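# Survey of secondary and tertiary structure
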Amino acid sequence: MDVSKKSGSNQLKPHEHPAQLTRMSLNDNKAGMQGLDKEKINKIIMDNTVGSRFYKNEQKREQQVNSRIQKMKEKLNSFTSNQIMTAKQHADEILLEVENQRDLSRTIIHIDMDAFYAAVEERDRPELKQKPMAVGGMDMLSTSNYVARKYGVRAAMPGFIAKKLCPNLIIVPTNFDKYREVSKETQEIFSEYDENFCGMSLDEAFLDITDHLQKRILYDQEERTFNYHPTLAPTTTSGDANDKKTSETFAFSAEEVAKEIRFRIHQKTLLTASAGIAANTMLAKIGSDLNKPNGQTFFVPNRDEIMKFIKDFPVRKVNGIGKVTEQLFSSLGVKKCGDIYEMRAELMLLFSATSCSFFFRMCLGCSSNILEPDGERKSISTERTFSTISDCDELFAKLDELCHSLAVDMKKQNLQGKTLTLKTKNVDFQLHTRSKTINVPMTNYQTIFPVAQELLKQEILNANNKLSLRLMGVGLSKLETATTSAQTSILKFFAGNTKPQSSDKTVSPQTSCSRDHEWSDHEPCDDNHKNGDPVNQKDMKNELIQVETSKTDTETFPCPACGTEQFKTTALLNQHLDACLSSDKTFQQPEIKSSSNSTQTSTSPCKTAISNLTNSNSSVMLDETTYSCPICCASFQSSKTTLYQFNNHVDSCLSQSTIRDILKEENGEPFKKRSLANHNNNENLSKRRKLLSKGDGIEKFFVQL
DNA sequence: GCGGATCAC
DNA sequence: TATGGTGATCCGC
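Being a predicted model, the structure only gives us computed values, none of them experimental.

### A few points about the overall build of chain A
A tally of regular secondary structure across chain A gives 25 helices and 20 strands. The buried share among the 705 residues of chain A stands at 47%. Of the contacts formed within chain A by residues at least 6 apart in sequence, a portion of 69% connects residues at least 24 apart. Carbon together with sulfur atoms contributes 50% to the accessible area of chain A, which is approximately 35,100 Å² in total.

In C-alpha cells form, the structure reads like this:
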C-alpha cells in the first residue's frame, strides 16, 4: 500500500479538500468494526473518491446540510428566553404524556441474522471463512464477513474501493434464491412463536412473543427440548469424545425463548443470529445489535433501567436517525439520547411536531410495541443504473424497456395506478423526479408508456437536448387493486368467514406484497381481508374469546410453582419461573453454552404444578378448524371436509341466483372465484409490515428547515 | 398534487 | 472502468 505516492499526486484545489466531507467517511457503527484505524481507512477511501463526479455531488449535498445547520443556528440565536421557556413547558407536557402511555406489558424479540449473505456463502464454501470476503460486485457490496470488516470493508461500499482497502478481498456475487431459501427456513421457526411475526427483510424479523410466553408456562419439558444437528452436537463433560449431547432444553423466560429460537436457527441453517428482547420494537432492535454476532440482549421491562440505558445511548444507532439528522443533532450538541431531553425546548422550536414526538419518545426509550401487518402497498417501481446514455433514441429505448418491466410487475401484483413518476439521475448524480396524475388508472404497458414518454420529453427539453443519464426509473402510485370492487368485497366476505376458528389473534395477517424486490415473485396480492370484521356468529364468538384472554393481561399471574408470588405480566412470571425452577436442583434448565446434562425428571413440584395446569386448561384450546359457508352458513369441520370439498360447496351455493344478483347490482362485473386454499396459503407468507407507534401512529419522521 | 430529501434494508 | 434498487414518508410549496 504505497499511500505516500498517491497523496502527492492528487493536487487538490483548496475547495476540494476532503477534510470536511463527513458524508464520505467510514461509517463504523456496525458490528465487528470497532478499533479500526479509521484515519488510514478514510484516507484510502478519499484517495479513490476525490475528483469523481460522485464525490462532487456528495460535496454538494454536504454543503446543503451545512447550510441547513447554519440556518438552524441563526434561528436558535433569535429565540427569546420567553420562547424557550414556553417551549420547555410544552415539551414537558408531551414528555409526560409519552411517559403516561409507557407500556411495558409486551415482549418483543428482534432477530437479526449475522452478516447474512456472507454467512450463507461461507456455509456453502467453508474455505471462505478465514478469508476477507464480501457479497456483491465491483459496483456495490451488500455485506461483508467479519474478517473483511477488520479492513473497513462494509455493506454499501463499492467493491472497487473495498479492494483498495483489502487487496485480498474475495467478492462473491449475490445469490438471492439461496438467501430466500434460508430465510424461509428461519421464518418457519418464527411462525411457531408468533404466527403474525413481522419480517423486515430476508435476514431480520420482529416477533411478539407475549402470547407465546403465556402458553409456554404450560409447556412440558419435551416441548422445550430441541435436538442437535448431528455435526453440531458438543461432547458432554464426561470426557468421552463419543459421548455427544443430543438435545438442549430451554426454560420459560423471554431470554430462554430467544436462546431457543437462535439455537433452532443454528441447528436448522448452520447460521448464527443475534437477538434483542425488550418491551418495544426500538429497544428490541437496539438489543439485537449490542451483542452481535451470535449474542443477545435483554432489556428488563423496568422504566428506570430503560432510562438509565437510553440516556447514554448514541442517537445515530436509533432506527430512524440517519446521517443527516445525526449531523443536525451534532451541531446542537445532541449526541446521546439523553441530550434530547436537555435540548427539548430548542428542538421543539426547531423541528416539526412529528419529528419532536419521535425524538421525545426516543429519549424515554418508548416506541411501538404493536407489530402491524402491512397495509396495501402504495407504490411500485423499477429503476436501473447503466453506463451513460445521451442519445435521445437510446433514452427512449431505455424508457420503453423499463415500462415493459414495470408492466410485468404490475400484472404480477394485480395493480394499477393513477400517478406515474419518471426518475432520472444524470451523470453528475443529480436526482430528479417528474410525475403526472391522470383520472383513469394506468393498467398496462400501453397506458404507461405514452405518459412516461411525455415526461421524458419534457426532461430532455429542460436539459436543452443534452440529457446524459446514468439511471432511469419509472414508478406508479395512487394504486388500486386491479380486481373490481365487487370482487374485493366478496373476497373480504370469504376471508372473514373461512378463517380458521383456532386462530388466537385478532389481527389477521395481510396478504399484501412484500416491499422487498427479492420477494416479489409470489402470488398476486389480495387485499381481501383488510379489516377482519367479524361477519358471522362464529367470528363474533372468536372475538369474545380474544377479548377475554387479552383481559387477563391486566390481572396478576400467580406462580404455578411456589404459588405465593403474583406477577403483573406473564413475562415477569416466566422470568420468576426460571429462577424458581433453577433453584430446584432436580429440574435444572441448562443454558445454551452450559455443558452440564439436563436432568430428565418429573418429580419436581413445579413440573407437577405445570402439568396440572396443562390438563385443567387444555379444554379451552381450539384445535379443530371450522369453515362456514358464507352463503348458507353451513359448518364444515376440517377433520371431515377438505378445502376442495368446501370450495365445491361454496361454488354450488354461488351458482344459485341470489348472490349473483347482489354482485351484479354492485357494479355489473361477473364474480371470479378465487381459490380459498391458495388464499389461506398466502396468509402464511411473511410480509413486510409497518410498525406503528401505539399512540399516534408516528414512527418515521423527517426534518426540514 | 409535485418535487426534493431522508431513511431503512 | 467503477458508488444499487425498492418503498415509504415528510415538508414546503
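What follows picks up the thread again.
### Some remarks on the sheet that holds strand E12 (residues 379-389)
In spatial order, the strands read E12-E15-E13-E14; together these 4 strands make up an open sheet with antiparallel pairing. The sheet is open, and its two edges are formed by E12 and strand E14 (431-442), each paired on a single side. Neighbouring strand axes in the sheet, compared pairwise and without regard to direction, differ in orientation by 15° on average. Strand direction decides the pairing type here: strand E13 (residues 415-426) and strand E15 (residues 469-481), joined by 11 bridges, are antiparallel. Among the inter-strand pairings, Gly417 is bridged to a residue of E15, identified as Leu479. Across the sheet, helix H17 (residues 392-413) touches E12, E13, E14 and E15, and the angle it forms with E12 is around 155°. In this fold helix H18 (residues 445-462) packs onto E13, E14 and E15, with an angle of close to 150° to the strand it touches most, E14.

### Examining the packing of helix H11 (residues 281-290) against helix H12 (residues 303-311)
Where H11 contacts H12, the axes come no closer than 13 Å and their chain directions differ by 60°. Between H11 and H12, the angle falls in the class oblique. Our pair here, H11 against H12, has a crossing hand that is left-handed. Contacts between H11 and H12 involve Met282, Leu283, Ile286 and Leu290 from the former and Ile306, Phe309 and Ile310 from the latter.

### Some points on the packing of helix H5 (residues 116-124) against helix H8 (residues 176-193)
One can describe the packing of H5 onto H8 by two numbers: an axis separation of 10 Å at closest approach and a directional angle of 95°. As far as their axial angle goes, H8 and H5 are roughly perpendicular. Where H5 approaches H8, its residues Phe116, Tyr117, Val120, Glu121, Arg123 and Asp124 are matched on the opposing element by Phe176, Lys178, Tyr179, Val182 and Ser183.

### Considering the protein's contact with DNA strand C
The full set close to DNA strand C counts 30 residues, and Ser352, Arg377, Glu383, Thr385 and Arg470 are the nearest of them. Each atom of DNA strand C within 4 Å of the protein was classed as base or backbone; sugar and phosphate made up 69%. Measuring from a sugar or linking oxygen of DNA strand C, one finds a backbone N or O atom of Asp139 at 3.4 Å. In this structure, a phosphate oxygen belonging to DNA strand C sits 2.6 Å away from a side-chain N or O atom of Ser352. Among the elements that make up the surface near DNA strand C, the one with the highest residue count is E12 (7 residues). The residue inventory of the surface near DNA strand C, partitioned by class, reads 11 nonpolar, 9 polar and 10 charged.

### Here we look at the sheet that holds strand E3 (residues 141-144)
For sheets, the rule is that strands pair by backbone hydrogen bonds, running either parallel or antiparallel. Strands sit in the order E3-E2-E4 across an open sheet of 3 strands; the sheet is mixed. The open sheet is flanked by E3 and strand E4 (170-172), the only strands paired with a single partner. Within the sheet, the average angular offset between the axes of one strand and its neighbour, ignoring direction, is 30°. Pairing of strand E2 (residues 133-136) with E3, which is carried by 3 bridges, proceeds in the antiparallel orientation. The residue bridging Gly136 from the neighbouring strand is Leu141, located in E3. Together, E2, E3 and E4 form the strand contacts of H5, whose direction differs from that of E2 by roughly 115°.

Parameters and conventions
- Residues numbered from 1 in each chain as written.
- Chains lettered and ligands numbered in written order.
- Predicted model: local features only at pLDDT ≥ 70, side-chain atom pairs only at ≥ 80, totals over all residues.
- Heavy atoms only, no water.
- Helix = DSSP H or I, 4+ residues; strand = E, 2+ residues; numbered from the N terminus.
- Buried < 20%, exposed > 50% of the residue type's maximum accessible area, 1.4 Å probe, protein only.
- Contact = heavy atoms within 4.5 Å.
- Areas by Shrake-Rupley, 256 points an atom, 1.4 Å probe, with all protein chains shown as cover.
- Pairing = 2+ DSSP bridges.
- Axes fitted to C-alpha atoms, helices over the stretch in contact; angles between N-to-C directions.
- Parallel < 35°, antiparallel > 145°, perpendicular 65-115°, else oblique.
- Left-handed = near helix turned anticlockwise from the far one by under 90°.
- Near = heavy atom within 4 Å.
- Polar contact = N/O pair within 3.5 Å; in protein donor to acceptor, adjacent residues only side chain to side chain.
- Nonpolar A, V, L, I, M, F, W, Y, C, P; charged D, E, K, R; others polar.

So far we have only geometry, and geometry alone does not tell us how the molecule works.
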